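# Inside the fold
As a plain string of letters, each chain reads:
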Amino acid sequence: MNNVLVAKNLKKVYASKGVTYTALHDINLEIKEGEFVGIMGPSGAGKTTLLNIISTIDNPTSGNVTIGGDDITKMNEDKLSSFRRKKLGFVFQDYNLLNTLTIKENIVLPLALSKVGAKEIEHEVAKISDKFGISDTLNKYPYQVSGGQKQRAAIARAIITKPALVLADEPTGALDSKSSAEILQTLSDLNENDKATIMLVTHDAFAASYCKRILFIKDGVLFTELRKGNSRKEFFQKILDVLSTLGNTVTDI
Ligand code: ADP
Ligand code: MG
C-alpha cells in the first residue's frame, strides 16, 4: 500500500518571551492508504501540535511532511488553501458547521467552492446523506438537529471531496455515549467500506479502540504503537494498559 502521509524528523519548538519549549522532538511516522490511525497521549504530549502541523495550520521548526506525495512544509499559503480543500477532510469536536446554512448547504460547501456542477452535487449529497441516515435533516439548520446528526453532517462534508486523508480531532468529545458509538462506527465503516484513510486524535480509549493502529506520544516523542487484533474489546483493554504505563491516565480536556 502507498503512504498517504509521511512525517520525517518533525521538530517543533515554541518560543515566547525568550523562553523556548520543544513540543515535538523528532517524530517520524507513516500512514498508509486505507489505515485508520489513532494518536493518543497525555495532556501536553504534543498531539494538537502534531495535528496542527499535519493539517497545514502550523509549520514545524524542522523536518517535513508529505501528504499524497506533496511536501506541505514547502507550499505557500495559496497552494496550501487549495491543498487543504482538495486533499484533506476535517472533523472537529464542535462540528464547525455554519449556523446560517442548512445541513445540505453545509455538506456541499466544499464542492460548491470547487465549482462542481449542480447535478453532480445533488447526486453526491443524496448518496452520502442516505448512507449516513441524515436525508431527512438536509433542509434543517444545525440548531434543529441533534449532536450526532450534526457530526454525521460534518463527516459528510469532510469526505464529500474524497480527500486523501481525513483528520478527526476528538470527534466524539461533545457527544453522549450512544451518539459517540454511532459516530465511531460511521468512521470505521468509511474506513472499511470506502477505504478512507483516517487519523483520529483522541484522549478516549473507547474512541481509540475503533482505530486499527494507535500511536502513543509522550513528551513530544513517539512512545509506542499498538495494532488491533480481531477483537475491539481486547484492543480497548490493551490501550488502557498502555495509557496506565504512560503515567497520566487523566488525559486532556
Ligand atoms: P496536547 O494536545 O497533547 O495536550 P499540545 O500539542 O497542545 O499537547 O502541547 C504540547 C506542549 O507544547 C505543551 O507543553 C504546551 O504547553 C506547549 N505549547 C503548545 N502550544 C504552545 C504555544 N503556542 N506556545 C508555547 N507552548 C505551547
Ligand atoms: Mg490537545
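Residues numbered from 1 in each chain as written. Chains lettered and ligands numbered in written order. Predicted model: local features only at pLDDT ≥ 70, side-chain atom pairs only at ≥ 80, totals over all residues. Heavy atoms only, no water.

The subject of this paragraph is the overall build of the chain. Scanning the chain from terminus to terminus reveals eight helices and ten strands. A globule of 253 residues ought to have a C-alpha radius of gyration of about 18 Å, and the chain, at 18 Å, matches this closely. Burial analysis of the chain (253 residues in total) assigns 48% to the buried set. When contacts within the chain are restricted to residue pairs at least 6 apart in sequence, long-range pairs at least 24 apart make up 68% of them. Surface accessibility of the chain: about 12,400 Å² in total, with carbon and sulfur atoms responsible for 50%. In the chain, 32 positive and 29 negative side-chain charges are present, and the distance between their average locations comes to 2 Å. (Helix = DSSP H or I, 4+ residues; strand = E, 2+ residues; numbered from the N terminus. Rg over C-alpha atoms; globule rule 2.2 N^0.38 Å. Buried < 20%, exposed > 50% of the residue type's maximum accessible area, 1.4 Å probe, protein only. Contact = heavy atoms within 4.5 Å. Areas by Shrake-Rupley, 256 points an atom, 1.4 Å probe, with all protein chains shown as cover. Lys, Arg positive; Asp, Glu negative; His and termini not counted. Charge placed at Lys NZ, Arg CZ, Asp CG, Glu CD.)

For ligand 1, the set of nearby residues contains twelve residues, the closest of which are Gly44, Gly46, Lys47, Thr48 and Thr49. In the model, an oxygen atom of ligand 1 is placed 2.9 Å from a nitrogen or oxygen of the lysine 47 side chain. One of the side-chain nitrogen or oxygen atoms of threonine 48 is found 2.8 Å away from an oxygen atom of ligand 1. In isolation ligand 1 has 560 Å² of accessible area, and contact with the protein removes 63% of it. Sorting the residues of the shell around ligand 1 by element identifies β2 (19-32) and α1 (47-54) as the ones contributing at least two each. When residues of the shell around ligand 1 are assigned to their parent elements, the largest contribution, three residues, is made by α1. Of the residues in the shell around ligand 1, the class split is five nonpolar, five polar and two charged. (Near = heavy atom within 4 Å. Polar contact = N/O pair within 3.5 Å; in protein donor to acceptor, adjacent residues only side chain to side chain. Nonpolar A, V, L, I, M, F, W, Y, C, P; charged D, E, K, R; others polar.)

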